Amino acid sequence: MTKASELQSMINQDVGVSRWFDLDQARIDAFASLTEDEQFIHVDPERAKATPFGGTIAHGFLTLSLASAMSMEAVAPLDDLVMSVNYGFDRLRFLAPAPSGSRVRGRFKLLSAEDKGAQDGMTRWLLKHELTIEIDGGDKPALIVEWLTMHVVKT
């Protein structure tokens, strides 16, 4: 647990790293089916061999969709937390494809913490984390994004 009063001292600090998540072909295929994005570079290993990727790759949005699970593991919740919600993204960049069979993890750095005021015994905090999703053994991360989340805590 993190106290809201500690947030300012944590700015520009690494605050956590998640476990590794497998990006196997079954997960990629399930995501393709759910999102109706069945482009061959994701779901057809034979055809994808002929591309510069040399095989199938995870969807960028699949990799990004793991951010919530990564955050739950890596970032300590605020004391007296009532709820947290996604608020948006700034500067999202997909830097390298994550091949089928690879593993990814999230590294979090707190960039800012804004007290958005108190109301009805609760205070809202807008946090911005830099999330880097690393590929195990990769030269570059799969993506880097500034992720905004709104946290409501009891005051």
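Residues numbered from 1 in each chain as written. Predicted model: local features only at pLDDT ≥ 70, side-chain atom pairs only at ≥ 80, totals over all residues. Heavy atoms only, no water.

The protein goes by Nodulation protein N in an unreviewed UniProt entry, where it is assigned to Brevundimonas naejangsanensis.

*Asks:* So what's going on with the UniProt feature "domain: MaoC-like" (unreviewed entry) in the protein? Which residues, and what values?
*Replies:* With numbering matched to this structure, UniProt assigns "domain: MaoC-like" (unreviewed entry) to residues 8–117. From the first C-alpha to the last, residues 8–117 spans 15 Å; its make-up is 33% helix and 35% strand. (UniProt positions renumbered as here; feature names shortened; annotations may be inferred. Helix = DSSP H or I, 4+ residues; strand = E, 2+ residues; numbered from the N terminus.)

*Asks:* How would you sum up unusual backbone geometry? Please name residues and give values.
*Replies:* Of note in this structure, Glu 36 is not a glycine but carries a positive phi near 60°. Note that Glu 36 resides in the loop between α2 (25–35) and α3 (40–43). The phi torsion at Arg 91 lies on the positive side, around 55°, for a residue other than glycine. Checked against the element boundaries, Arg 91 lands in strand β3 (residues 81–94). Owing to a relative accessible area of 61%, Arg 91 belongs among the exposed residues under this scheme. (Buried < 20%, exposed > 50% of the residue type's maximum accessible area, 1.4 Å probe, protein only.)

*Asks:* How would you summarise the layout of surface pockets if you had to cite specific residues and measurements?
*Replies:* Roughly 450 Å³ of volume is contained in the largest pocket. Lining the largest pocket are 23 residues; nearest its centre among them are Ser 71, Val 75, Ser 84, Thr 149 and His 151. Grouping the constituent residues of the lining of the largest pocket by class yields 15 nonpolar, 8 polar and no charged. (1 Å grid on protein atoms, 1.4 Å probe; cavity = no way out; pocket = protein on both sides within 12 Å on 5 of 7 lines; lining within 4 Å. Points joined across faces, edges and corners; volume = space filled by probe spheres on them. Nonpolar A, V, L, I, M, F, W, Y, C, P; charged D, E, K, R; others polar.)

*Asks:* Go over the environment of Met 72 with me, naming the residues and quoting the values.
*Replies:* Here Met 72 lies in helix α6 (residues 67–74). What makes Met 72 exposed here is its relative accessible area of 72%. C-alpha separation for the pair Met 72 and Ser 18, spaced 54 residues apart in sequence, amounts to 8.4 Å.

*Asks:* Run through a negative patch on the surface, naming residues and quoting values.
*Replies:* Taken together, the side chains of Asp 22, Asp 24, Asp 29, Glu 36 and Glu 38 present a region of like negative charge at the surface. Structurally, Asp 24 can be placed in the loop between β2 (21–23) and α2. (Patch = residues over 30% accessible without salt bridge, like charges linked within 9 Å, V, L, I, M, F, W, Y side chains within 5 Å. Areas by Shrake-Rupley, 256 points an atom, 1.4 Å probe, with all protein chains shown as cover. Salt bridge = Lys/Arg side-chain N within 4 Å of Asp/Glu carboxyl O. Lys, Arg positive; Asp, Glu negative; His and termini not counted. Charge placed at Lys NZ, Arg CZ, Asp CG, Glu CD.)

*Asks:* Got a sec to walk through α2? Specific residues and values, please.
*Replies:* Regarding α2, the residues found buried are Gln 25, Ile 28, Phe 31 and Ala 32. Looking straight down α2, one finds that the buried residues subtend no more than 125° of arc, so they occupy a single side. Exposed side of α2, more than 90 degrees from the buried face: Ala 26 and Leu 34 are the residues found there. Note on α2: the residue one or two positions beyond its end, Glu 36, has a positive phi of about 60°. (Arc of directions from axis to C-beta.)

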